[in-house]
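The chain contents come next:
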Amino acid sequence: MPEAKKFRLLIVDDTEEALVFLRSLLEMNGYICAPAASAAEARELLQQQAFELALCDVNMPGESGLSLVRHILAKHPDTATIMVSAMDDTGIANVALEQGTYGYVIKPFEPNEILINIANALRRRKLEQENRANREKLEQAVLARTSELRETIVRLEQTERTLRQTQEDVIQRLVMAEELREKGAPGHIQRMSRYCALIAARLGWANDRCELTRLASTMHDIGKIGTPDEILFKPGGFTPDESRLMQQHTEIGRRILTGSAELLMVASTIAWTHHEQFDGSGYPRGLVGEAIPLEGRIAAIADAFDSMTTKRVYKQAIPVEQAADVMRLGRARHFDPQLLKLFIDSMDKVLAIRRQYPDAERTPAS
Ligand SMILES: [Fe+2]
């Protein structure tokens, strides 16, 4: 048994004769042995040094071998245990094995019987230690991966927030450039886009889609960048040719915003279709009813309501109730009737948006 020299064995037995016999047998087979005549003595030795295995008698004065084995399993889990007893009692043997002891040898025993039990116990101990080490390694790897994953998610969320903010900032500046040129009502975009999000929310759309609709709708008139000054700032009515030039802001907006990102696709749709009317009398394509994309129908209501209730260089504002009446009258003609109902039914929220985003120059009280 060439490997045996590495192993330190604790032999616990209250019988001097048994101690002497076991010690000489095991030392002859290469084990390093420490004898203990009681459980108390064994506990002391276990405090002082590590053992690969403990052979414990069951019946001893004072603390029993079963109690000592429980202590070893709890406090010294790297020490394997084998019980040695004169009691040929399967009940006790089962209790001992259930506790976690590796073997139960009945006295008197053949020398080989004890040696085989010890060799088996040591092998099993080695396998269990390897299993435990592998399990711990695996648990640590899982913990490390989980932590890495959590950090990655936090970083991604931060990046996403930054990207969203950057995107919104860029859009705001683009819209601001168009607003400054048009010298339009300063709060129009803020209110109109929030009315759009309000209708989207009343349709039951998810928050992300409502927010997308809000952001996309801020760019609905971006095409006016391409409208000539003499048309954009003309105080009176338009000739048919001038009207056509003005109406081109929808097509120009579509061209500016056409892209593959979802935000641009929705923005392009809104820019292109926010002047379509439900009865087909709108522009640029004269689309009818549900052929007009939903976002375009939403934007038409939001844009018309805010335009009516806001003072512009060429017109006065009308009170909110009057604007709602005008829109109701034109319900089946200009606007999607279901969407208009959702909007008018949310008038308390509409008024809250008006209060939150007033123009620098106040419009008449609602
Ligand atoms: Fe427009």
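All values reported here derive from a predicted model rather than from experimental measurement. (Residues numbered from 1 in each chain as written. Predicted model: local features only at pLDDT ≥ 70, side-chain atom pairs only at ≥ 80, totals over all residues. Heavy atoms only, no water.)

Quick look at the overall build of the chain now. A tally of regular secondary structure across the chain gives 15 helices and 5 strands. Viewed in the frame of its principal axes, the chain has a C-alpha envelope of about 125 × 40 × 35 Å. Every one of the 366 residues in the chain was classed for burial, and the buried ones make up 43%. Looking at the chain as shown, the accessible area adds up to about 20000 Å², and 55% of this sits on carbon and sulfur atoms. For the chain, the distance from the average position of its 46 positive side-chain charges to the average position of its 52 negative side-chain charges is 8 Å. (Helix = DSSP H or I, 4+ residues; strand = E, 2+ residues; numbered from the N terminus. Buried < 20%, exposed > 50% of the residue type's maximum accessible area, 1.4 Å probe, protein only. Areas by Shrake-Rupley, 256 points an atom, 1.4 Å probe, with all protein chains shown as cover. Lys, Arg positive; Asp, Glu negative; His and termini not counted. Charge placed at Lys NZ, Arg CZ, Asp CG, Glu CD.)

Let us look at a nonpolar patch on the surface. Residues Leu174, Ile225 and Ile256 make up a contiguous nonpolar surface patch of about 230 Å² in total accessible area. By the secondary structure assignment, Leu174 is in helix H5 (residues 111-182). (Patch = residues over 30% accessible without salt bridge, like charges linked within 9 Å, V, L, I, M, F, W, Y side chains within 5 Å. Salt bridge = Lys/Arg side-chain N within 4 Å of Asp/Glu carboxyl O.)

Time to look at the coordination of the iron ion. Each pair of donors in an ideal four-coordinate tetrahedral metal site encloses 109.5 degrees, whereas pairs in an ideal six-coordinate octahedral site enclose 90 or 180 degrees. The coordination sphere of the iron ion, as far as protein atoms go, consists of Asp221 (OD), His249 (NE2), His274 (NE2) and His275 (NE2), spread over 2.0 to 2.3 Å. For the iron ion, the 4 donor atoms in the first shell make angles of 83 to 172° at the metal, a pattern classed as irregular. (Donors = N, O, S within 2.8 Å, 3.2 Å for Na, K, Ca; no water. Tetrahedral: all angles 85-135°; square planar, octahedral: opposite > 155°, others 65-115°.)

On to the domain arrangement of the chain, then. Looking at the assigned domains, one finds that the chain contains domain 1 (2-134) and domain 2 (183-356). The C-alpha-based centres of domain 1 and domain 2 are spaced at 87 Å. (Domains from an automatic or database assignment.)

A few words now on the side chain of Arg191. By secondary structure assignment, the location of Arg191 is in helix H6 (residues 188-202). Judged by relative accessible area, which is 2%, Arg191 ranks as buried.

Mapping Arg328 onto the fold places it in helix H12 (residues 320-329). If we ignore the near neighbours within four places in the chain, the residues touching Arg328 are Leu340 and Ile344. Looking at Arg328, its side chain comes within polar contact range of the side chain of Asp325, at 2.7 Å. (Contact = heavy atoms within 4.5 Å. Polar contact = N/O pair within 3.5 Å; in protein donor to acceptor, adjacent residues only side chain to side chain.)

On average, residues of the chain score 90 in pLDDT, and 95% of them are at 70 or above. Strand E1 (residues 8-12) holds the highest mean pLDDT among the elements of the chain, 97, whereas helix H13 (residues 331-334) holds the lowest, 77. Predicted confidence is poor over residues 361-366, with pLDDT under 50, and the contacts of this stretch with residues over four places away or in other chains come to 12 contacts. (pLDDT = per-residue confidence, 0-100.)

Bringing the packing of helix H14 (residues 337-345) against helix H15 (residues 347-356) into the picture now. The geometry of H14 relative to H15 is characterised by a closest axis approach of 5 Å and an angle of 65° between their N-to-C directions. The angle between the axes of H14 and H15 places the two elements in the roughly perpendicular class. For the pair H14 and H15, the contacting residues are Phe343, Ile344 and Asp345 in the first and Met347, Asp348 and Val350 in the second. Residues that form the contact of H14 with H15 fall into these classes: 4 nonpolar, no polar and 2 charged. (Axes fitted to C-alpha atoms, helices over the stretch in contact; angles between N-to-C directions. Parallel < 35°, antiparallel > 145°, perpendicular 65-115°, else oblique. Nonpolar A, V, L, I, M, F, W, Y, C, P; charged D, E, K, R; others polar.)

Core analysis: the biggest nonpolar cluster contains 44 residues, and Met219, Ile301, Phe305, Met327 and Phe343 have the highest contact counts within it. Counting only elements with at least two residues in this core, the list comes to H5, H6, helix H7 (207-217), helix H10 (262-273), helix H11 (294-308), H12, H14 and H15. Considering every element that reaches this core, the biggest residue donor is H11, with 8 residues. Met327 has contacts with Ile301, Ala304, Phe305, Met308, Phe335 and Leu340, leaving out every residue within four places of it along the chain. (Core = buried A, V, L, I, M, F, W, Y, C linked by side-chain atoms within 4.5 Å.)

Moving on, we get to the pattern of salt bridges. Evaluation of the coordinates by the stated rule reveals 22 salt bridges. Among the ionic pairs, Lys107 bridges to Asp13, the shortest N-O distance being 2.9 Å. Here the residue Lys107 occupies a position in the loop between strand E5 (103-106) and H5, and Asp13 occupies one in the loop between E1 and helix H1 (16-28), the gap between them amounting to 94 residues. Lys107 gets classed as partly exposed once you look at its relative accessible area, which sits at 22%. For Asp13, a relative accessible area of 1% translates into the label buried. Note that Asp359 is salt-bridged to Arg191, the shortest N-O span being 3.2 Å. Placement of the pair is Asp359 in the segment after H15 and Arg191 in helix H6, with a sequence separation of 168 residues.

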